[in-house]
Amino acid sequence: KVNLNISWSPINQESLNFILTNAINTSRITISVSPITYYALTDTNKQLAIDKNIIIELISTNVAEDQRISMLKTTGDGT
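Residues numbered from 1 in each chain as written. Predicted model: local features only at pLDDT ≥ 70, side-chain atom pairs only at ≥ 80, totals over all residues. Heavy atoms only, no water.

### Topic: the overall build of the chain
Line of reasoning, step 1. Scanning the chain from N- to C-terminus turns up four helices and three strands.
Line of reasoning, step 2. Listing the helices and strands of the chain from first to last along the sequence gives β-α-β-α-α-β-α.
Line of reasoning, step 3. Sorting the 79 residues of the chain into buried and exposed places 32% on the buried side.
Line of reasoning, step 4. Looking at the chain alone, contacts between residues at least 24 apart form 80% of all its contacts between residues at least 6 apart.
Line of reasoning, step 5. A total accessible area of about 5,300 Å² is found for the chain, and carbon and sulfur atoms account for 55% of it. (Helix = DSSP H or I, 4+ residues; strand = E, 2+ residues; numbered from the N terminus. Buried < 20%, exposed > 50% of the residue type's maximum accessible area, 1.4 Å probe, protein only. Contact = heavy atoms within 4.5 Å. Areas by Shrake-Rupley, 256 points an atom, 1.4 Å probe, with all protein chains shown as cover.)

Laid out in structure tokens, this is it:
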């Protein structure tokens, strides 16, 4: 129902799909996501956002955070 800022945490597309599918907004809302999430958007998620009048907004993160996220994606060790 309200704007959502989840830019601090890169979520997977299945999680974003769940959020979009279950959104019950009655007016336009904005969901702010990290670059990792934003650039991995699927066509399904993009269409869901359009259908539900939701703007998916990119929030840039700082370089140190981007490097940590990149390491997690690359190594997968969770450290």
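Structure's up, so let's keep going.
### Thoughts on unusual backbone geometry
Line of reasoning, step 1. Non-glycine residue Asn53 carries a positive phi angle of around 60 degrees.
Line of reasoning, step 2. Relative to the assigned elements, Asn53 resides in the loop between α3 (43–51) and β3 (54–58).

### Topic: the nonpolar core
Line of reasoning, step 1. One finds Leu16, Leu20, Ile31, Ile54 and Ile56 to be the most contacted residues of the largest nonpolar core, which totals 13 residues.
Line of reasoning, step 2. Looking at this core, the elements that each hand over two or more residues are α1 (13–22), β2 (29–33), α3 and β3.
Line of reasoning, step 3. Looking at this core element by element, the count peaks at three residues for β2.
Line of reasoning, step 4. Once you skip the residues sitting within four places of it in the chain, Ile31 turns out to touch Leu4, Ile6, Ile19, Leu20, Ile54, Ile55, Ile56 and Glu57. (Core = buried A, V, L, I, M, F, W, Y, C linked by side-chain atoms within 4.5 Å.)

### Focus on the packing of aromatic side chains
Line of reasoning, step 1. For the structure on display, the rule yields one aromatic pair.
Line of reasoning, step 2. Here Tyr38 and Tyr39 contribute two aromatic rings whose centre-to-centre distance is 5.3 Å and whose plane-to-plane angle is 85 degrees, an arrangement assigned as edge-to-face.
Line of reasoning, step 3. On the basis of relative accessibility, which here comes to 63%, the residue Tyr39 falls in the exposed class. (Phe/Tyr/Trp six-rings, centres within 6.5 Å; stacked < 30°, edge-to-face > 60°.)

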